[in-house]
Amino acid sequence: LEAQTQIISAPVAYKDSFIVCSRSGEIFSIKPGSGITWMTSTSAVLYERPLAAQDAIFVVTDAGHVRGYHALTGNLLPGWESTVSLAEQVLAVSNDRVYVRSISGKLVAIEKDTGKVLGMAGDNLRHSLSNPVTDRIYVVSDSGTLQCFVQKGLNSPLIHESLAAHEPTDGKGKPKAEAAPKATTEPAEG
């Protein structure tokens, strides 16, 4: 990919593609072997790595605005026309919420369908991890306390992309049976 613009953030794997953001505000979906599948402009500088989950991509601009895009088309998600501000990092996505860490160190819950802020909690959450695998939220306070937050009522993690989708199948959707390795009676060398 020759993006014609500086790319600072790391790419994110999404299904069979990569999502990457440029310094000049473009988001690219790149499919290996096929090239760019779509490109959209945010009209804002993007330094942070995007978070791709549940067929959506969420980015934070250098001005602290959160924006949501459809992962398969690059179109702005409905309700995300007026972006949420004062954000620093997208942390996790559930079926109905997007969680971000604000510039002031608060945990912010945003309704995924509308882009509306539902509420804020916590304080001094300065370090965090973007979680593209599940809906779990991981933050570390200034005092060094590691916390995992879970949306109320969700006992099991929501896994965004099942690893089973990448396992070989027998053509009928069932995992392909592999021959068990032969046991040896001789000890292995080394």
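See above for the structure.
Residues numbered from 1 in each chain as written. Predicted model: local features only at pLDDT ≥ 70, side-chain atom pairs only at ≥ 80, totals over all residues. Heavy atoms only, no water.

A. Up close: the sheet that holds strand β2 (residues 17-21). Within the open sheet, the 4 strands sit side by side as β1-β2-β3-β4. Their pairing is antiparallel. The sheet is open, and its two borders are formed by β1 (12-14) and β4 (35-41), each paired with just one other strand. Between one strand and the next, the sheet's axes are offset by a mean angle of 25°, whatever the strand orientation. In terms of strand pairing, strand β3 (residues 26-31) meets β4 through 6 bridges, oriented antiparallel. From the neighbouring strand, I30 faces β4, where its bridge partner is I36. (Pairing = 2+ DSSP bridges. Helix = DSSP H or I, 4+ residues; strand = E, 2+ residues; numbered from the N terminus. Axes fitted to C-alpha atoms, helices over the stretch in contact; angles between N-to-C directions.)

B. Spotlight on the packing of aromatic side chains. All chains considered together, the criterion is met by 1 aromatic pair. Taken together, a centroid distance of 5.2 Å and an interplanar angle of 55° make the contact between F58 and W80 tilted. In this pair, F58 sits in strand β6 (residues 56-60) while W80 sits in the loop between β7 (66-70) and β8 (87-93), placing the two residues 22 residues apart along the sequence. Overall, F58 belongs to the buried group, its relative accessible area being 0%. (Phe/Tyr/Trp six-rings, centres within 6.5 Å; stacked < 30°, edge-to-face > 60°. Buried < 20%, exposed > 50% of the residue type's maximum accessible area, 1.4 Å probe, protein only.)

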